[in-house]
Amino acid sequence: MQKIRHTPVAPTRTQRLAPGGEIDAHRHDDHQIAYASQGTIAVTTDAGSWVAPATRAIWIPAGTVHQHQAHGELDLHLVGLPATENPLGLDKPAVLAVSPLLRELIVAYTRDPENDSPPHLRLRAVMLDRLKTSPEQPLHLPTPTDPLLRKLHDLLRADPADNRSLDDLGRQIGASARTLSRRLHDDLGLTYPQWRTQIRLHHALILLADNSPVTTVAHRCGWSSASTFIDVFRRTFGHTPGSRPAT
């Protein structure tokens with residue numbers, strides 16, 4: 001990120017982004033919630049990337065430099081909250097589960113952001129109450145700071161289906177598997193299989209947003225079969241790749 005806009009007030013609005021559309025790097029003095037009722041939204045900061053399909057929302061704390069990218073046709077709902085109002089008590093970006101009820105509350109609230117009538121304010125209060133009970137999801141793909149891990153990160157992001165061992169990948173970038181494993185633990189707190197799975201799941205969400213078939217996604221992301229991919233996806237997200245959130 002190079003040029004960074006400063007927009008003091010985080011907007012509350014609904015907007016549509018075409019596939020691949022972006023909102024460039026910027027920051028707010030307010031907190032913000034980004035939710036895609038259609039498509040998949042990716043939010044990137046210096047600390048990593050957060051990807052959320054229509055069953056998830058992304059919490060962006062005040063002051064965080066971030067940019068948005070659309071995967072698939074995106075209906076984006078943004079909720080701005082004053083820095084003094086933090087229903088989640090979170091000071092770092094996070095992905096949150098969005099129940100069918102919370103989905104409808106966010107969609108309704110962002111359709112009419114200038115409405116300050118008592119019914120609309122009550123809707124806002126219920127939305128914030130539901131946010132307090134939204135569990136945080138493990139959908140953060142951290143960006144490594146270690147130079148060797150950055151090289152490994154670039155290889156895996158370029159080809160998530162690369163099934164070479166850590167020994168083989170290490171030889172390509174000039175490091176032993178033992179060194180890479182130790183640095184992964186120290187830098188990201190992850191094992192190599194855990195990190196590789198996160199990278200693959202992030203890529204899978206993007207491919208699914210572009211309506212790629214589940215079997216194609218499984219093979220392009222390195223799983224040996226669609227059933228194995230579906231099992232990992234279900235355990236991570238709580239639903240199968242082909243399902244859609246309730247409306």
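Check the entry above for the structure.
Scope of this entry: the structure provided in the associated data block. The model shown is predicted, which means the values in this text are computed figures rather than measured ones.

### A look at the packing of aromatic side chains
Working step 1: One pass over the full model with this rule turns up two aromatic pairs.
Working step 2: Relative to Phe229, the ring of Trp223 lies with its centre 4.9 Å away and its plane at 40 degrees, an arrangement referred to as tilted.
Working step 3: When its relative accessible area of 0% is taken as the criterion, Phe229 is described as buried.
Working step 4: Taking the centre distance of 5.7 Å and the plane angle of 70 degrees together, the rings of Phe229 and Phe233 count as edge-to-face. With Phe229 and Phe233 both in helix α8 (residues 226-237) and four residues apart, the pair spans about one turn of that helix. Here the two residues Phe229 and Phe233 agree in accessibility, since each one is buried.
Working step 5: One aromatic cluster is present, built from ring pairs that chain together Trp223, Phe229 and Phe233.

### Focus: the nonpolar core
Working step 1: Within the largest apolar cluster, 20 residues are counted, with the highest numbers of intra-cluster contacts made by Ile33, Tyr35, Trp59, Val79 and Met127.
Working step 2: Residue assignment for this core shows that the elements contributing at least two residues are β4 (31-45), β6 (56-60), β7 (66-81), β8 (94-97), α1 (100-111) and α2 (118-132).
Working step 3: With five residues, the top contributor of residues to this core is α1.
Working step 4: Counting 17 residues, the second largest nonpolar core, distinct from the first, contains Leu149, Ala175, Ala177 and Trp195.

Rules of the game
Residues numbered from 1 in each chain as written. Predicted model: local features only at pLDDT ≥ 70, side-chain atom pairs only at ≥ 80, totals over all residues. Heavy atoms only, no water. Phe/Tyr/Trp six-rings, centres within 6.5 Å; stacked < 30°, edge-to-face > 60°. Buried < 20%, exposed > 50% of the residue type's maximum accessible area, 1.4 Å probe, protein only. Helix = DSSP H or I, 4+ residues; strand = E, 2+ residues; numbered from the N terminus. Core = buried A, V, L, I, M, F, W, Y, C linked by side-chain atoms within 4.5 Å.

This is a description of form; function is not addressed.
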